[in-house]
Amino acid sequence: MFAMKTLQEQVLDLSCENVKLKSALDKTEADVEYIAMMTDVELDSDETEEDENNEQ
């Protein structure tokens, strides 16, 4: 009735989901930057600097 997943299967599933979510986030960020560029809107430099620091 219920399928039990091992710890390794759970880790693999969550890792795959994490990659998909990271990809979607990167695309959304790129879309926001593109829209801002096309509409001559300046984004807060504080937010972009914080994001760059967090990735390192």
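Draft legend 1. Region of the structure containing the overall build of the chain. Secondary structure summary: the chain contains two helices and zero strands in total. Of all 56 residues assigned to the chain, the portion counted as buried reaches 2%. As presented, the chain carries roughly 5700 Å² of accessible surface, and 56% of it is formed by carbon and sulfur atoms.

Draft legend 2. View of unusual backbone geometry. Of note, the phi angle at Asp40 is positive, near 55°, even though the residue is not glycine. Tracing the chain through its elements places Asp40 in the loop between helix 1 (7–38) and helix 2 (45–55).

Draft legend 3. Looking closely at the pattern of salt bridges. Applying the stated rule across the entire model yields three salt bridges. Where Lys22 meets Asp26, a salt bridge forms, and the shortest distance between an N and an O atom there is 2.9 Å. Taken together, the residues Lys22 and Asp26, both in helix 1 and four residues apart, mark about one turn of the helix. Owing to a relative accessible area of 33%, Asp26 belongs among the partly exposed residues under this scheme. Here Asp31 and Lys27 are joined by a salt bridge, their closest N and O atoms 2.9 Å apart. Of this pair, Asp31 and Lys27 both sit in helix 1, separated by four residues, roughly a single helical turn. Judged by relative accessible area, Asp31 falls into the partly exposed class, the value being 33%.

Rules of the game
Residues numbered from 1 in each chain as written. Predicted model: local features only at pLDDT ≥ 70, side-chain atom pairs only at ≥ 80, totals over all residues. Heavy atoms only, no water. Helix = DSSP H or I, 4+ residues; strand = E, 2+ residues; numbered from the N terminus. Buried < 20%, exposed > 50% of the residue type's maximum accessible area, 1.4 Å probe, protein only. Areas by Shrake-Rupley, 256 points an atom, 1.4 Å probe, with all protein chains shown as cover. Salt bridge = Lys/Arg side-chain N within 4 Å of Asp/Glu carboxyl O.

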